[in-house]
Amino acid sequence: MTDRPLVAVVVFPGSNDDHDAAWALGAVGAEPVLVWHQDEELPPGVGAVVLPGGFSYGDYLRTGAIASVSPVMGAVREFAAAGGPVLGICNGFQILCEARLLPGVLLPNRQLEFVCRDATLRVESAAAPFMSRCTVGQELVIPVKHGDGAWYADEGTFVQLAARGQIVLRYAEDVNGALGNVAGVINDAANVMGLMPHPEHAVDPLLGSADGGLLLAALVDAAAAYRVALAPA
Amino acid sequence: MKATVVVRPKDGILDPQGDAVQHSLRALGFDVASARIGRVVDLEIAADDRADAEAQVRRMCSELLANPLIESFEIRLEDE
């Protein structure tokens with residue numbers, strides 16, 4: 001039995017950053033466990049869930065739409081409703097939006113080009129557990145690689161999210177046509193977060209940046225705290 | 001029963017695919033002010049009657065086929 005917090009990484013058909021996410025989570029102190037999308041339950045003792053990047057179901061219909069109704073999502077929904085930390089990266093963000101666990105939706109990039117490069121992000125809010133190792137105004141360099149990354153919500157929702165500090169990350173420049181250059185958002189309860197950039201690809205200075213490690217390490221902190229909160233006194 | 005669902009991007013929603021097609025059509029010499037790209041889903045379903053079919057397809061649209069934030073849909077039913 002390890003004392004590292006158990007973090008589930010869900011594998012959908014077409015996920016391709018599942019192993020990178022698991023590796024990176026391991027590098028920042030978690031015990032990652034891969035969970036298949038057909039599983040109707042999460043492994044016992046899980047402290048956080050990550051929906052990784054990729055192209056689940058070939059992006060058929062709309063990105064993330066089909067994965068959002070797969071069997072494992074029932075368990076993820078319950079986990080989130082109970083206050084468990086859930087992080088969606090890229091395709092995982094698209095899935096969480098389609099599952100209505102996060103506000104908005106990801107549209108095709110305005111330039112109709114797949115964008116694959118380092119992006120500079122500005123931390124807009126550090127209130128969420130996922131952002132606890134960052135400070136407001138801090139700049140993070142984390143790579144993006146997506147064709148459908150233009151976050152969109154109606155004007156009323158957008159204004160409300162901004163006022164409540166639910167927009168946690170913005171691109172320092174226009175990367176894909178996202179409304180307000182939004183790169184990452186959290187839900188009302190601040191325990192579900194999605195972002196288009198890939199923190200799991202930025203956990204080692206040797207690979208250009210370790211800024212993604214700040215987000216993943218904060219997720220591991222949240223996973224540990226969640227397990228402690230659930231533990232019998 | 002056969003049913004067809006037409007899904008369209010709502011007005012004002014970014015549709016870069018439609019924009020690219022509009023530009024291409026203009027390059028071909030057509031006077032096209034706008035092109036919007038949606039999706040057609042042809043279904044064959046088991047239903048008691050038209051009302052049942054319509055209700056089922058409407059639920060399919062709200063649960064999966066269309067995202068109400070960005071898309072509108074239209075249902076057409078066709079008897080065998």
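Residues numbered from 1 in each chain as written. Chains lettered and ligands numbered in written order. Predicted model: local features only at pLDDT ≥ 70, side-chain atom pairs only at ≥ 80, totals over all residues. Heavy atoms only, no water.

Visitor: Can you explain the overall build of chain B? Please cite residues and give values.
Guide: Within chain B, the secondary structure is distributed over 2 helices and 3 strands. Along its sequence from the N terminus, chain B presents helices and strands in the succession β-α-β-α-β. Relative to the compact-globule value of 12 Å for 80 residues, chain B shows a C-alpha radius of gyration of 16 Å, a clear excess of over 25%. Its C-alpha atoms give chain B principal-axis dimensions of about 50 × 30 × 15 Å. The buried share of chain B, taken over its 80 residues, is 34%. When contacts within chain B are restricted to residue pairs at least 6 apart in sequence, those whose partners lie at least 24 apart make up 66%. Across chain B, the centroid of the 10 positively charged side chains sits 5 Å from that of the 16 negatively charged ones. (Helix = DSSP H or I, 4+ residues; strand = E, 2+ residues; numbered from the N terminus. Rg over C-alpha atoms; globule rule 2.2 N^0.38 Å. Buried < 20%, exposed > 50% of the residue type's maximum accessible area, 1.4 Å probe, protein only. Contact = heavy atoms within 4.5 Å. Lys, Arg positive; Asp, Glu negative; His and termini not counted. Charge placed at Lys NZ, Arg CZ, Asp CG, Glu CD.)

Visitor: How would you sum up the interface of chain B and chain A? Please name residues and give values.
Guide: One frequent convention defines the size of an interface as the accessible area lost when the parts assemble. Contacts between the two partners involve 16 residues from chain B, matched on the other side by 16 residues from chain A. Its largest share of buried area at the contact with chain A, chain B owes to B:Leu14, B:Pro16 and B:Leu64, together 40% of the area lost on that side. Counting across the interface, chain B meets chain A through 1 salt bridge. Here A:Arg62 ties to B:Glu71 by a salt bridge, and the two come within 3.5 Å at their closest N and O atoms. Contributing elements (two or more residues each) for the side of chain B that touches chain A: α1 (16-27) and α2 (50-65) of chain B. Grouping the constituent residues of the side of chain B that touches chain A by class yields 10 nonpolar, 3 polar and 3 charged. (Buried area = accessible area lost by both parts, 1.4 Å probe. Salt bridge = Lys/Arg side-chain N within 4 Å of Asp/Glu carboxyl O. Nonpolar A, V, L, I, M, F, W, Y, C, P; charged D, E, K, R; others polar.)

Visitor: Provide a residue-level description of the pattern of salt bridges, including the pertinent values.
Guide: Pairs can form between side chains of opposite charge once their charged atoms are near each other. Here the structure, examined in full by the defined rule, presents 14 salt bridges over all chains. Where B:Glu63 meets B:Arg59, a salt bridge forms, and the shortest distance between an N and an O atom there is 3.7 Å. Placement of the pair is B:Glu63 and B:Arg59 together in helix α2, with a separation of 4 residues, close to one helical turn. For B:Glu63, a relative accessible area of 54% translates into the label exposed. A network of salt bridges, in which partner residues are shared, links A:Arg62, A:Glu98, B:Arg39 and B:Glu71.

Just distances and angles here, no functional claims.
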